[in-house]
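Report on the structure
Here are the chains, one letter per residue:
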Amino acid sequence: RYRSLLDHMRDARRNTPVAEHVERVLRDQLREICRCGDPAVKRGRAKELHAMRVALKRLRYHLEFFRSTLAAGDVDEALGLLAKGQECFGAISDDDTFVARYATILESLDELDARRAGIEACRASVLRQREKTLDAVRELWRGNGTPAFPKRLRSAVRGALEPVG
């Protein structure tokens with residue numbers, strides 16, 4: 001079903017509408033990640049971090065779909081960065097889901113219920129793990145010894161958009 005579209009896109013040149021569309025979509029998504037990422041990572045709020053995970057996933061899926069029209073080495077680099085970012089942001093999102101679920105369970109239990117202590121301990125453990133993972137996300141985002149994540153991602157996506165062949 002998509003084969004003819006992909007075959008057409010593989011042969012597309014930089015001045016064709018398809019190539020312009022691909023470039024616009026990828027640049028817009030990259031701009032969103034770079035614009036929203038710093039405040040999300042700094043504040044560490046669940047909703048913003050989840051939105052970053054979704055934005056990373058969206059860019060990754062578009063890169064994978066349009067891969068045949070892009071510069072291979074740079075696409076691979078961008079996909080690797082996006083996978084790592086998605087994994088880290090996803091771990092935080094999972095932790096946030098568990099914490100919310102534990103809170104709901106605690107609300108439904110009587111104050112003297114013996115299960116409370118175990119659930120509170122699990123919740124506290126997940127919160128500690130979330131903080132460790134958030135620290136790792138912040139290190140990834142800032143680069144700590146390597147170029148910052150947004151700079152590396154921007155470079156890889158721009159390289160992928162360079163004319164092929």
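The structure displayed is predicted, hence computed values, not measured ones.

A short note on the environment of Q29
The residue Q29 is located in helix 2 (residues 17-43) in this model. The buried category is assigned to Q29, whose relative accessible area is 9%. Taking the C-alpha atoms as reference points, Q29 and L59, separated by 30 residues in sequence, lie 6.1 Å from one another. Sequence-distant contacts of Q29, defined by excluding residues within four places in its chain, comprise R58, L59 and H62. Within the local environment of Q29, its side chain forms a polar contact with the side chain of H62, the two groups lying 3.0 Å apart.

Re the packing of aromatic side chains
Scanning all chains against the criterion turns up four aromatic pairs. Summarising the aromatic geometry, the rings of F65 and F66 are spaced 5.0 Å apart at their centres and angled 85° between planes, so their arrangement reads as edge-to-face. Residue class for F66 comes out buried when judged on its relative accessible area of 6%. On the basis of an interplanar angle of 25° and a centroid distance of 5.4 Å, the ring pair of W141 and F149 is categorised as stacked. An aromatic cluster is built from F89, W141 and F149, whose rings are joined through pairwise contacts.

Comments concerning the pattern of salt bridges
Opposite charge on two side chains allows them to pair when their charged atoms are near. Tallying each qualifying case throughout the model produces 14 salt bridges. Between E111 and R116 there is a salt bridge, and its shortest N-O distance comes to 3.8 Å. Taking relative accessible area as the criterion, E111 reaches 64% and is therefore assigned exposed. The buried category is assigned to R116, whose relative accessible area is 11%. E131 serves as the salt-bridge partner of R130, at 3.8 Å between the closest nitrogen and oxygen. A residue is classified by how much of its surface remains accessible, and E131, at 40% relative accessible area, is partly exposed. Within the structure, one salt-bridge network assembled from shared partners comprises R24, D28 and R31.

Some details on the nonpolar core
By size, the foremost hydrophobic cluster in this structure holds 33 residues, and its most contacted members are L59, L63, L70, L153 and V157. Breaking this core down by element, the ones donating at least two residues are helix 2, helix 3 (46-65), helix 4 (72-108), helix 5 (115-142) and helix 6 (149-160). Among the elements that line this core, the one with the most residues is helix 4, at eight residues. Listed in part, the six residues of the second largest apolar core include V99, L109, I119 and V126.

Cut-offs applied
Residues numbered from 1 in each chain as written. Predicted model: local features only at pLDDT ≥ 70, side-chain atom pairs only at ≥ 80, totals over all residues. Heavy atoms only, no water. Helix = DSSP H or I, 4+ residues; strand = E, 2+ residues; numbered from the N terminus. Buried < 20%, exposed > 50% of the residue type's maximum accessible area, 1.4 Å probe, protein only. Contact = heavy atoms within 4.5 Å. Polar contact = N/O pair within 3.5 Å; in protein donor to acceptor, adjacent residues only side chain to side chain. Phe/Tyr/Trp six-rings, centres within 6.5 Å; stacked < 30°, edge-to-face > 60°. Salt bridge = Lys/Arg side-chain N within 4 Å of Asp/Glu carboxyl O. Core = buried A, V, L, I, M, F, W, Y, C linked by side-chain atoms within 4.5 Å.

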